[in-house]
Amino acid sequence: MITVTHRRYVPYSHAHYAGNLVDGAYSLGLFGDVATEVCIQLDGDEGLFASYDDVQFKAPVQAGDVLEITATVVKMGTRSRRIAFTSTVVCRGTGGSAATVLAEPIVAVTATGTVVVPAKG
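None of the values given here were measured: they were computed from a predicted structure. (Residues numbered from 1 in each chain as written. Predicted model: local features only at pLDDT ≥ 70, side-chain atom pairs only at ≥ 80, totals over all residues. Heavy atoms only, no water.)

Right, let's talk about the overall build of the chain for a bit. Scanning the chain for helices and strands turns up one helix and five strands. Secondary structure elements of the chain, listed N to C terminal, follow the sequence β-α-β-β-β-β. Across its three principal directions, the C-alpha atoms of the chain cover 50 × 25 × 20 Å. The buried share of the chain, reckoned over its 121 residues, is 37%. In the chain, the share of contacts with a sequence separation of at least 24, taken over all contacts with a separation of at least 6, comes to 70%. Surface accessibility of the chain: about 6500 Å² in total, with carbon and sulfur atoms responsible for 54%. Placing the 9 positive and 11 negative side-chain charges of the chain at their respective mean positions leaves the two points 5 Å apart. (Helix = DSSP H or I, 4+ residues; strand = E, 2+ residues; numbered from the N terminus. Buried < 20%, exposed > 50% of the residue type's maximum accessible area, 1.4 Å probe, protein only. Contact = heavy atoms within 4.5 Å. Areas by Shrake-Rupley, 256 points an atom, 1.4 Å probe, with all protein chains shown as cover. Lys, Arg positive; Asp, Glu negative; His and termini not counted. Charge placed at Lys NZ, Arg CZ, Asp CG, Glu CD.)

Taken as a whole and judged by the stated rule, the model has six salt bridges. Residue Arg-81 pairs with Asp-43 through a salt bridge whose shortest N-O separation is 2.7 Å. Note that Arg-81 is positioned in strand β4 (residues 80-95) and Asp-43 in helix α1 (residues 25-43), a separation of 38 residues in sequence. For Asp-43, a relative accessible area of 19% corresponds to the buried category. Put simply, Lys-120 and Asp-43 hold a salt bridge, and the shortest N to O gap is 3.8 Å. (Salt bridge = Lys/Arg side-chain N within 4 Å of Asp/Glu carboxyl O.)

One pass over the structure, following the stated rule, counts four aromatic pairs. Taken together, the ring pairs connect Phe-31, Phe-49, Tyr-52 and Phe-85 into an aromatic cluster. (Phe/Tyr/Trp six-rings, centres within 6.5 Å; stacked < 30°, edge-to-face > 60°.)

Looking now at unusual backbone geometry. Residue Asn-20 is not a glycine yet carries a positive backbone phi of 60 degrees. Summarising the element assignment, Asn-20 is placed in the loop between β1 (3-9) and α1. Although it is not a glycine, Asp-54 adopts a positive phi angle of roughly 55 degrees. Topologically, Asp-54 is positioned in strand β2 (residues 48-57).

If you want it as structure tokens, here you go:
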């Protein structure tokens, strides 16, 4: 199948809660971005997200973090693509402009989802 990975710095302007926490929807939005590239790579079309399921928020995402977002196609139908997603913290913001590269990345969010693409024709 195919795996696509993006990396994204989480700016302090996206902190939504005390302690510079970022809401869980932030990673879900990034899953949509990486799914779009999956569809373009496989089908030459952005596709449309049909559903998420089994979303798991496992660790906090904070402003100043660097996230690695991975999407792996696990099943392909005629028009549907089932994708496993992972959002992993690879650098942790430590305040201001400082950050630390993590020796052991932290899995923050996992999910599976289904996208659909136009029929070939």
